[in-house]
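Close look at the chain arrangement
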Amino acid sequence: MLVLAHRGASGHEPENTLLAIENALQMQVDAIEIDVHWADGELVVIHDRKVDKTTDGQGQLKNLSFAQIRQLDAGKGQQIPTLDEVLELIQGKCPVNIELKADNTVVATLSAIDKAVQEYGFDYDQFLLSSFNHHLLLQIKSLNKAIDIGALTASCPVDYAAFAQRLNAYSVHISVDFINQAFVDDAHQRGLKVYVYTVDDEEDIIAMHQLGVDAIFSNYPTRSLLKIAHLKGAPKSDAPIN
Ligand code: G3P
Ligand code: MG
């Protein structure tokens, strides 16, 4: 079971900042997840379309200039980074899951990936693009068939992971609140990997191990990696599920 640092190592440093990315790299996580929005002609790394929750500013990204966005404190004096800055920092040392949070992000994200491959030492197969907006995933595939996509859901659909297979996804990313054995088995039968967000509690990590999921998103990656290493060493039946 892989561990992706959720919004960087966001349990330790301000989420989606260069500090959180740097911290995740030091933890030698299996991959790093970040969220991207489109603002004033730039791809910026932030979860919400409003800056209120994670910065000292207020309002919607769409109403702010890039200069105004860069003046905001995203925690510990960090600026909201651009996608390019994040990829430059990572330098191909770790795979990246870019979660597209908004319209107008697809073309710019694919361009940023091209630049990262040409200039920052990445391979294309180190990228996984995901979104709750499945129209964006279709657009990605229409522009670049080779890039892996992850189909996000915050539900357990009646036909389980069929929607992800229809999208030609590599993986299906589902909330820990809705995962169950039937969903995992269905996804695996369709040849899809199962990634689960957000898994930090020991009890949840054990449960995901029991379900046989392929990866978890964690705000505390080191703790999760240690727990998984322990579980791998322990007989499966010894691990309590509840
Ligand atoms: O990509 C996994 C997870 O980050 C999806 O939900 O809201 O944390 O971006 P959210
Ligand atoms: Mg996300």
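Rules used in this analysis
- Residues numbered from 1 in each chain as written.
- Chains lettered and ligands numbered in written order.
- Predicted model: local features only at pLDDT ≥ 70, side-chain atom pairs only at ≥ 80, totals over all residues.
- Heavy atoms only, no water.
- 1 Å grid on protein atoms, 1.4 Å probe; cavity = no way out; pocket = protein on both sides within 12 Å on 5 of 7 lines; lining within 4 Å.
- Points joined across faces, edges and corners; volume = space filled by probe spheres on them.
- Nonpolar A, V, L, I, M, F, W, Y, C, P; charged D, E, K, R; others polar.
- Core = buried A, V, L, I, M, F, W, Y, C linked by side-chain atoms within 4.5 Å.
- Buried < 20%, exposed > 50% of the residue type's maximum accessible area, 1.4 Å probe, protein only.
- Helix = DSSP H or I, 4+ residues; strand = E, 2+ residues; numbered from the N terminus.
- Contact = heavy atoms within 4.5 Å.
- pLDDT = per-residue confidence, 0-100.
- Pairing = 2+ DSSP bridges.
- Right-handed = clockwise from strand over helix to strand, strands pointing away.
- Phe/Tyr/Trp six-rings, centres within 6.5 Å; stacked < 30°, edge-to-face > 60°.
- Donors = N, O, S within 2.8 Å, 3.2 Å for Na, K, Ca; no water.

Looking at empty space enclosed by the protein
With a probe scaled to a water molecule rolled over the atoms, the places where space remains empty come into view. Per the stated rule, a full pass over the model turns up 1 cavity of 30 Å³ or more. Size it by volume and the largest cavity reaches roughly 50 Å³. Lining the largest cavity are Glu15, Asn16, Thr17, Val45, Ile46, His47, Thr54, Thr55, Ala74, Ile80 and Pro81. Class assignment for the residues of the lining of the largest cavity results in 5 nonpolar, 5 polar and 1 charged.

Regarding the nonpolar core
Core analysis: the biggest nonpolar cluster contains 63 residues, and Ile32, Ile98, Ile179, Met208 and Val213 have the highest contact counts within it. In terms of residue count, helix H4 (residues 106–119) provides more of this core than any other element does, 6 residues in total. Residues contacting valine 213, with those up to four places away along its chain left out, are Met1, Ile179, Val184, Val194, Val196 and Met208. Counting 11 residues, the second largest nonpolar core, distinct from the first, contains Ala39, Leu64, Ile69 and Ala74.

A word on the layout of surface pockets
Considered as a void within the structure, the largest pocket measures approximately 190 Å³ in volume. Lining the largest pocket we find 14 residues, and of these Ala31, Pro95, Gln126, Leu128 and Tyr195 sit closest to its centre.

Section: the confidence of the model for the chain
Put simply, the chain has an average pLDDT of 96, and 96% of its residues get 70 or more. The secondary structure element of the chain with the lowest average pLDDT is helix H9 (residues 221–233), at 92, and the one with the highest is strand E4 (residues 96–100), at 99. Confidence over residues 237–242 falls short of pLDDT 50; this stretch has 9 contacts with residues more than four positions distant or in other chains.

Concerning the pairing of strand E7 (residues 171–175)
When you tally the buried positions in E7, you get 5 out of 5 residues, the bulk of the element. Both faces of E7 are covered, namely the face carrying Ser171, His173 and Ser175 and the face carrying Val172 and Ile174. Note: E7 against strand E8 (residues 193–197), 5 bridges, orientation parallel. In the strand pairing of E8, valine 172 is matched with valine 194. One crossover worth recording links E7 to the parallel E8 by way of helix H7 (residues 181–189), and it is right-handed.

Quick word on the packing of aromatic side chains
Tallied over the entire structure, the rule returns 4 aromatic pairs. Their ring planes at 85° and their centres at 6.1 Å tell us that phenylalanine 132 and tyrosine 197 sit as a pair that is edge-to-face. You can see phenylalanine 132 sitting in the loop between strand E5 (127–131) and helix H5 (134–143) and its partner tyrosine 197 sitting in strand E8, a full 65 residues away along the chain. Residue tyrosine 197 is classed as buried on the basis of its relative accessible area of 15%. Plain terms: the ring middles of tyrosine 160 and phenylalanine 183 are 6.4 Å apart, the flat faces sit at 70° to each other, and that makes the pair edge-to-face.

Concerning the coordination of the magnesium ion (ligand 2)
Protein-derived ligands of the magnesium ion (ligand 2) are Glu33 (OE), Asp35 (OD) and Glu99 (OE), with the metal-ligand distances lying across 2.0 to 2.2 Å. For the magnesium ion (ligand 2), the donor residues sit on a single chain with the sequence spacing E-x1-D-x63-E. Remark: glutamate 99 occurs in strand E4 and glutamate 33 occurs in strand E2 (residues 31–39); sequence separation between them is 66 residues. No difference in accessibility class separates glutamate 33 from glutamate 99, as the two residues are buried.

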